[in-house]
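Commentary on secondary and tertiary structure
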Protein chains: 2
Amino acid sequence: MKINNNTIFSFIISLLLFVIFSCKEDGDITKESITETTISQEHPKLILTAQGVKDIRAQLGTIPIFDKTLELVKQEVDTEIAEGIEVPIPKDYSGGYTHSRHKQNWFILQKAGLLYQILDDEKYAKYVKDMLMEYEALYKTLPLHPKTRSYARGKLFWQCLNDSNWLVYVSQAYDCIYNYLTEEERNRLETNLFRPFADHISVDSPQFYQRVHNHSTWGNAAVGMIGLVMDDEELIDRALYGIKDLKLDAREKDDDGGFLNKDGKAGFLANIEDPFSPDGYYNEGPYYQRYAMYPFLVFAQGLHNVKPELKIFEYKEGVLLKSINALLNLSDANGDFFPLNDGQKGMSYYNSALVTAVDVSYYYGNQNSGLLSIAKEQDRVLLDDSGLAVALGIKNGKEQPFDKKSINLSDGSDGSEGGVGILRNENIELVFKYASQGSSHGHYDKLSYSLYEEGEEVIQDYGLSRFVNIEQKGGGNYLKENKTWAKQTIAHNTLTQNETSHFTGKYDIGSLHHSDLHYFSSENENVQVVSAIEKNAYPGTTMLRTMAIIKDEDFEKPYVLDIMKVTSGSENQYDFPFYYLGQVLQTNFEYNSPQTLKPLGVKNGYQHLFLEGSGKASDQNSKFSWFNNNKFYTLTTMTNNKDDLLFTRIGANDPEFNLRRDPALILRTKNSKNRTFISVIEAHGSYSPVSESAVNSNSSIKEIRTVLDTDNYSAIEITGINESVKLFITANKDASDEAQHNIEIKNKTYKWSGPYYFKKK
Amino acid sequence: MKINNNTIFSFIISLLLFVIFSCKEDGDITKESITETTISQEHPKLILTAQGVKDIRAQLGTIPIFDKTLELVKQEVDTEIAEGIEVPIPKDYSGGYTHSRHKQNWFILQKAGLLYQILDDEKYAKYVKDMLMEYEALYKTLPLHPKTRSYARGKLFWQCLNDSNWLVYVSQAYDCIYNYLTEEERNRLETNLFRPFADHISVDSPQFYQRVHNHSTWGNAAVGMIGLVMDDEELIDRALYGIKDLKLDAREKDDDGGFLNKDGKAGFLANIEDPFSPDGYYNEGPYYQRYAMYPFLVFAQGLHNVKPELKIFEYKEGVLLKSINALLNLSDANGDFFPLNDGQKGMSYYNSALVTAVDVSYYYGNQNSGLLSIAKEQDRVLLDDSGLAVALGIKNGKEQPFDKKSINLSDGSDGSEGGVGILRNENIELVFKYASQGSSHGHYDKLSYSLYEEGEEVIQDYGLSRFVNIEQKGGGNYLKENKTWAKQTIAHNTLTQNETSHFTGKYDIGSLHHSDLHYFSSENENVQVVSAIEKNAYPGTTMLRTMAIIKDEDFEKPYVLDIMKVTSGSENQYDFPFYYLGQVLQTNFEYNSPQTLKPLGVKNGYQHLFLEGSGKASDQNSKFSWFNNNKFYTLTTMTNNKDDLLFTRIGANDPEFNLRRDPALILRTKNSKNRTFISVIEAHGSYSPVSESAVNSNSSIKEIRTVLDTDNYSAIEITGINESVKLFITANKDASDEAQHNIEIKNKTYKWSGPYYFKKK
């Protein structure tokens, strides 16, 4: 705290404040110190509280990250105020002018409301009031939005989802200027704008509102937040529990092919209950969790402040706060979320929803000092009670690195529907997906994975086929290639059988099933393993995939060992791709390159792959090395000379250039019943284009081979170029920590307990 | 200067030093203050001087960037000393073990020599001596290097070039420990190692040594530097003037197709005279200049110190120092050199040769404070007299930004052989090449250009097809696709006539010609223009290309206007490509996408292009927008409905995946005699994958059209979407600054003086 020395008076004030805040250790404010005094029906009460306002005003000028955020927000809002209010008649899809303008308005309204409270400057209140009145005048004249593509059209926007976004933010603005308005003004706004607005997105749009889906969460929060501000118990109830006495047809589907309301659940609590696993994994994946997070947390804050008796942050054993931890762990070294399901790459914990998540988690959780380092990277805080707490934490030097380790996150509301395992060692991260379908945004990608080095993709997951909010690309919405390519199994680093996607690419079937964890083991720092089984993707075929990241003294960097054990009652063609990124360096097998490129197939995603080369695999080990981001990589995979190796590139049957022209190497085997695919992926060395020196550009593996592969065990021997030999054995049946194993391989006995064995021979 | 307060004694010493160095303004050391006292035959004398050693020792500990560099070098050398000396029998190509080891040795020897002088620690002298003795023992036993691919095989390395590298560095090491050795030891080294070494790369390898080429510069410098250390006038003469009385066959060529010695010139002075233009442009381009720079500057330093009477830094009106300025200007916003000719992307002014260049330029030039900011970014200095001067400059806070502006660099030893024009405005950089062939590393790319935004490629130049020092890719050497693709005209953003490269792709013909500057104009900050003409690439066809970067109030960012006026006596097919990088967003023309991809042609580079789509151009304006690095770009180009537009992708007939799969849009017109290609390229807006907001994603151009196109003038009207109209007129004939123009277009008269006219209508 800086002591102001301009006048004796201000010095004394400062001193007093210092004494007051020094009562808490290090001057921190925790939720206990504030919330107990702020439970009142005073406005603001929703996110920013009356007590919070007092505390913030007292600290202003002494809390750098808060002060900086405030200054930026002030500049932004002042610029908007200077440019004047614009409330255009709705016309465009996302990316178009009216969409962007109304979107901008909701942000500015919310910010102007905060500024009014924090800076106590009426110009902000007046601005909010004036704009709200323009909305009031417009809204009562509005029919449905003219664009017809949505399954639930809004009025300000082409979809109810965006109308809900608007109300979630604008409720906060209304709360902030509530006391500034006359009762007559409030009545006018509530009668002509807020109440009908809340009705349109709920009772008038049950197909949007009455379900368990991130869209509905926004709807619930919007209705609930305006309800809290208006003190309208009907709206609050509708928000928490859904529209009373309404049941929808359980078989109807939305635009994305998701069921509208399969089991009749609805409302905010159901939306917490259902999609979050006990570990806090959100069943649509991190990209959608990030999107849904804001309404979850902001409405939860409102409920916490106005209806503390609900104990919303303790609901389902504190799953909301757990979910923030899960979400942060679902990001790579740069903070970018892993693009599971329909995730757009580049979304990261720098997103403003994550500023909310981090600040809320810190304040309402247990003040995890690792969160402060992320907040510092985000370089801004919420302008509310939680942001103040974070700002003080940083100011008081409490931050610690947020240390991401290997983590297993169960999926399913009770944690029984598979999950996502993330293995981490040094700069290598592997994301292994054995989750449930992931709602309508799910991909047919059972037991798929992606691999990262220092936050850069080594083996990529394609992500989605969409350019969110870029109007030129299908209005910024899902492109048809999202279904024909991105969701298909062959677009993923997992097994495709007979050129057909998992569950024959049918959402109804996929939604019935999930993979199951076989084991997850991360106690040994040098050997991180995850193993899962999938029995339903291809009836009659079982896939057991065990993936490990192993740090081994004979290798420069941790490497990936991948054992995909496929057993089937029938003969099949198996395609097993590696979506490497970068430039081919070398192969140890011969291949031919066709003069003309043809699509690899006609459907299920194969129509989008060009065949750029095909060869016969080597007997024993096929090796393939590539170069990306000035680093070297080598795949060593066990093959036989009947296997084919196909070089493919995405982009066939893509007349609008919607797909990236990315490569893959596909291992194909025909007429196979049982087959265990065994591969090692090494990251090694580096290249500097400045010094032009290549370091460790070759694989350190001489050979990998199977020494045992039965129903019970798979054992792999890895021989280094220095002739060192390592043995990895995975238990294919009983993989509990307690299980005792005792097997003989080539006259030698191996005894161990637990799921796997790894040792130098 | 930090005053050491441990003891009174050291305080007094410090005070004395302070007084001594304060005699020069701000404590700086300039070349005048040192060199006049150091011209002696004392060792060291070559780069580090005896006086320099004294000055450095006096300042150690008070010059942060120097101290830091010294510490890193010390750590590096100490590690090597601890690991022991390795001098293996030569065996490998570049990238292989023996190559890398000997290369590492030359660096360490040079550094250990410096450490001996600066730290006055005998362990470094002993290390240098011991390793030199091992080289002495090995060298006298060596036959030619076993690898046979070079036109001039070395003994330690597969090519004389690398042997020369070794000697350039090792001469410095020898100089540093000269006085540490006994006379007998010196005799042994000189007789068995240095003298025969110098002979091998010169008199025994005249095809390498006796020419004007960056290889020879290394050879000359190597011979000259060891000559300076040994005080051997014969070697020094051989270095400066070439091998006496030797003339080579002027028609012989080297591995790369370059003439070995077309005009009989040789020696270091000829190598300065010939390749550098008066502006300091090096005729092979910045990538090779960077490579050649080190021997130029380090030998020049040696000559300056030992033979000041030569006034080497004043040679050819100070071209060596001018060339450093030219080189720094040939880099993009990130400091990466533009990949003209066979340049590998990613090479930048962070390369160690540029540390030499910047420090030498600062010290021996006029202490340009802009160089200090680059030195600071480089974060290291030379451990010699010049590095000390830079360290002191930084310490004394003299640094200024190195401000890169538009610049025109003439090519040719007398500046008459075309050149390279770089236009810059805000974050947009355009590199326009109208130079001579560029020696054996030249491409057939007359009047080609590349375009950058914030150091990222917008319209790329492919660069070379080579992975320098990555052994898996053709031993790290030129790949055959360098000739079949990278050098060909169709690989560049310029005109290809009848699917044939400029000069029919023949080096002998290309070397006879160069383009000519028509005009370069950069006085008007908002309108930067370069214009050049090419008459020989296609006999009977003339190309006059005028390119401008215009900053215009109606546009967010500066845009490119490109007027390529082609006149021919015969009907031809013209292909005019745009090597955009990124994802197609939108076109205003229809096109078809083939199911199977076929090569666009059979030779001259066309065999490497797949045709991914083809359409008929729009009448008037064809528009194409794309998306890259989260920014938007739009091409608006004048077309008629007989023109074809082809979407191509590199990668056909590339069985070893040596080429990047990069796209282009090619405008093709058939049966044309005269055609003026007129295009505007706009960079606009941005996208954030974190906030998912797209800003200004659409073109600001409604229409471009030609209002006049004669032998004398081309006039283009650019109409914005806001209906603002701008007129650009370029003088196609008399474009001098003094020329008075007076023309009538549609009953309106335009009068101006100078090469172009630009105004809002």
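Residues numbered from 1 in each chain as written. Chains lettered and ligands numbered in written order. Predicted model: local features only at pLDDT ≥ 70, side-chain atom pairs only at ≥ 80, totals over all residues. Heavy atoms only, no water.

Observations concerning the relation of the copies chain A and chain B
Mapping chain A onto chain B calls for a screw motion: a turn of 180 degrees about the axis and a shift of 0.1 Å along it, with 0.1 Å RMSD after fitting. Overall, the copies show the geometry of a two-fold rotation axis. Ranked by how close their C-alpha atoms come to the rotation axis, the residues of chain A are headed by L597 of chain A, at 2.4 Å. Looking at the interface residues of chain A, 98% of them are also at the interface in chain B, so both copies use one shared face. (Least-squares fit on C-alpha atoms with pLDDT ≥ 70 in both. Contact = heavy atoms within 4.5 Å.)

Describing helix α5 (residues 97–119) of chain A
All names here are of chain A. Over its 23 residues, α5 extends 31 Å from the first C-alpha to the last, a length consistent with the 33 Å expected when each residue adds 1.5 Å. Counting buried residues in α5 gives 18 out of 23 residues, a clear majority hidden from the surface. Once α5 ends, the next one or two residues include D120, with phi positive near 55 degrees. (Helix = DSSP H or I, 4+ residues; strand = E, 2+ residues; numbered from the N terminus. Expected span 1.5 Å × (residues − 1). Buried < 20%, exposed > 50% of the residue type's maximum accessible area, 1.4 Å probe, protein only.)

Some words on the packing of helix α7 (residues 160–177) of chain A against helix α10 (residues 214–230) of chain A
Residue and element names in this part refer to chain A. Two numbers describe how α7 lies on α10: the axes approach to 8 Å, and their chain directions differ by 25 degrees. The orientation of α7 relative to α10 falls into the category roughly parallel. α7 and α10 meet at a crossing whose hand is left-handed. Across from L161, S164, N165, L167, V168, Y169, S171, Q172, Y174 and D175 in α7, the residues of α10 making contact are H215, W218, G219, A221, A222, V223, M225, I226, V229 and M230. When grouped by side-chain class, the residues that make up the contact of α7 with α10 number 13 nonpolar, 6 polar and 1 charged. (Axes fitted to C-alpha atoms, helices over the stretch in contact; angles between N-to-C directions. Parallel < 35°, antiparallel > 145°, perpendicular 65-115°, else oblique. Left-handed = near helix turned anticlockwise from the far one by under 90°. Nonpolar A, V, L, I, M, F, W, Y, C, P; charged D, E, K, R; others polar.)

Structural notes on the pairing of strand β10 (residues 559–568) of chain B
Residues and elements named next belong to chain B. Judged by how many residues are buried, β10 sits mostly within the fold: 9 of 10 residues are covered. As defined by bridge partners, strand β9 (residues 541–550) adjoins β10 across 10 bridges and the pair is classed as antiparallel. Counted as the bridge partner of L544 is K565 from β10. Examined bridge by bridge, β10 and strand β18 (residues 675–684) share 7 bridges and lie antiparallel to one another. (Pairing = 2+ DSSP bridges.)

Some words on the pairing of strand β4 (residues 448–453) of chain B
All names here are of chain B. Of all 6 residues making up β4, 6 are buried, and the element is well covered by its neighbours. Side chains S448, S450 and Y452 project from β4 onto one buried face, and the interleaved Y449, L451 and E453 project onto a second face that is buried too. Pairing geometry for β4 and strand β5 (residues 456–459), over 3 bridges, is antiparallel. Of the residues in β5, the one forming a bridge with Y452 is E457. Linking two consecutive strands that pair antiparallel, namely β4 and β5, is a turn of 2 residues; a positive phi of about 50 degrees is found at E454 within it.

Section: the nonpolar core
Core analysis: the largest hydrophobic core is formed by 130 residues, its most contacted members being W166, Y174 and F194 of chain A. It is helix α13 (residues 286–306) of chain A that provides the largest number of residues to this core, a total of 13 residues. Ignoring sequence-local partners within four residues, the contact set of F194 of chain A consists of L132, W166, L167, V170, Y174, L189, I226 and M230 of chain A. Core analysis: the next-biggest nonpolar cluster, separate from the first, contains 129 residues, W106, I324, V355 and Y362 of chain B among them. (Core = buried A, V, L, I, M, F, W, Y, C linked by side-chain atoms within 4.5 Å.)

Let's talk about the pattern of salt bridges
Residue and element names in this part refer to chain A. Scanning all chains against the criterion turns up 93 salt bridges over all chains. Here E499 ties to R668 by a salt bridge, and the two come within 3.5 Å at their closest N and O atoms. Of the two residues, E499 is situated in the loop between β6 (496–497) and α19 (507–510) and R668 in strand β18 (residues 663–672); the sequence distance between them amounts to 169 residues. The exposure class of E499 is partly exposed, given its relative accessible area of 25%. The structure contains a network of salt bridges with shared partners spanning R195, D199, D232, E234 and R238. (Salt bridge = Lys/Arg side-chain N within 4 Å of Asp/Glu carboxyl O.)

With respect to the interface of chain A and chain B
Between chain A and chain B, the contact holds 48 residues from the first and 48 residues from the second. For the pair chain A and chain B, the summed buried area comes to about 4,200 Å², and 52% of that belongs to carbon and sulfur atoms. Taken as a group, Q472, F657 and E692 of chain A account for 19% of the area that chain A buries against chain B, more than any other trio of residues on that side. Summed over the shared surface of chain A and chain B, the result is 2 salt bridges. One salt bridge in this structure joins E612 of chain A and R661 of chain B, with 3.4 Å as the shortest N-O distance. At the junction of chain A and chain B, the tally comes to 29 residue pairs in polar contact (both at pLDDT 80 or more). Among the elements of the structure, α13, β12 (583–587), β14 (609–616) and β17 (644–650) of chain A are those that each provide at least two residues to the side of chain A that touches chain B. No other element matches the 4 residues that β12 of chain A contributes to the side of chain A that touches chain B. Residues belonging to the side of chain A that touches chain B are distributed by class as follows: 22 nonpolar, 15 polar and 11 charged. (Buried area = accessible area lost by both parts, 1.4 Å probe. Polar contact = N/O pair within 3.5 Å; in protein donor to acceptor, adjacent residues only side chain to side chain.)

Here we look at α13 of chain A
With 21 residues, α13 of chain A ought to run about 30 Å at 1.5 Å a step, and its terminal C-alpha atoms sit 29 Å apart, in line with that. Across the 21 residues that make up α13 of chain A, a large majority, 21, are buried.

Section: the sheet that holds strand β12 (residues 583–587) of chain B
Residue and element names in this part refer to chain B. Reading across the sheet, the 8 strands line up as β7-β8-β9-β10-β18-β15-β14-β12 and stay open at both edges, with antiparallel pairing between neighbours. In the strand order of this sheet, the two ends are held by β7 (516–521) and β12, each with one partner. Direction aside, the axes of adjacent strands within the sheet are offset by 15 degrees on average. Sheet analysis places strand β8 (residues 527–534) next to β9, joined by 8 bridges and oriented antiparallel. Residue pairing for β9: S531 is matched across the bridge by T546.

A closer look at the packing of helix α8 (residues 183–201) of chain B against helix α11 (residues 233–241) of chain B
Residue and element names in this part refer to chain B. With their axes 12 Å apart at the nearest point, α8 and α11 run at an angle of 25 degrees to one another. When the interaxial angle is binned, α8 and α11 end up roughly parallel. Considering only the axes of α8 and α11, their crossing is left-handed. Within the contact between the two elements, α8 uses R195, A198 and D199 and α11 uses E234, L235 and R238. Of the residues in the contact of α8 with α11, the class split is 2 nonpolar, no polar and 4 charged.

Quick word on unusual backbone geometry
In the segment running from H43 of chain A into P44 of chain A, the intervening peptide bond is cis, with an omega of -10 degrees. Position of P44 of chain A among the secondary structure elements: in the loop between α2 (31–38) and α3 (50–59). The backbone of N653 of chain A shows a phi angle near 45 degrees, a positive value even though the residue is not glycine. The topology assignment puts N653 of chain A in the loop between β17 and β18. For N653 of chain A, a relative accessible area of 28% gives the class partly exposed. In this structure, L447 of chain B is a non-glycine residue whose phi angle is positive, near 60 degrees. Mapped onto the secondary structure, L447 of chain B falls in the loop between β3 (428–434) and β4. The buried category is assigned to L447 of chain B, whose relative accessible area is 0%.

Notes on the packing of aromatic side chains
Any aromatic ring pair is given by two values, namely how distant the centres are and how the planes are angled relative to each other. All names here are of chain B. Applying the stated criterion across every chain, the model contains 98 aromatic pairs over all chains. Seen from their ring centres, F107 and Y169 are 5.0 Å apart, and the 70 degrees between their planes marks the pair as edge-to-face. Taken together, the residues span a long stretch of sequence, with F107 in helix α5 (residues 97–119) and Y169 in helix α7 (residues 160–177) at a distance of 62 residues. The exposure class assigned to F107 is partly exposed, which follows from its relative accessible area of 24%. For the ring pair Y116 and Y180, a centre distance of 5.8 Å and an interplane angle of 65 degrees mean the geometry is edge-to-face. Placement of the pair is Y116 in helix α5 and Y180 in the loop between α7 and α8, with a sequence separation of 64 residues. (Phe/Tyr/Trp six-rings, centres within 6.5 Å; stacked < 30°, edge-to-face > 60°.)

Side note on a negative patch on the surface
Together, E523, D734, D737 and E738 of chain A give the surface a local cluster of negative charge. Along the chain, D734 of chain A turns up in the loop between β24 (725–731) and β25 (740–745). (Patch = residues over 30% accessible without salt bridge, like charges linked within 9 Å, V, L, I, M, F, W, Y side chains within 5 Å. Areas by Shrake-Rupley, 256 points an atom, 1.4 Å probe, with all protein chains shown as cover. Lys, Arg positive; Asp, Glu negative; His and termini not counted. Charge placed at Lys NZ, Arg CZ, Asp CG, Glu CD.)

What is shown is where atoms sit, not what they do.
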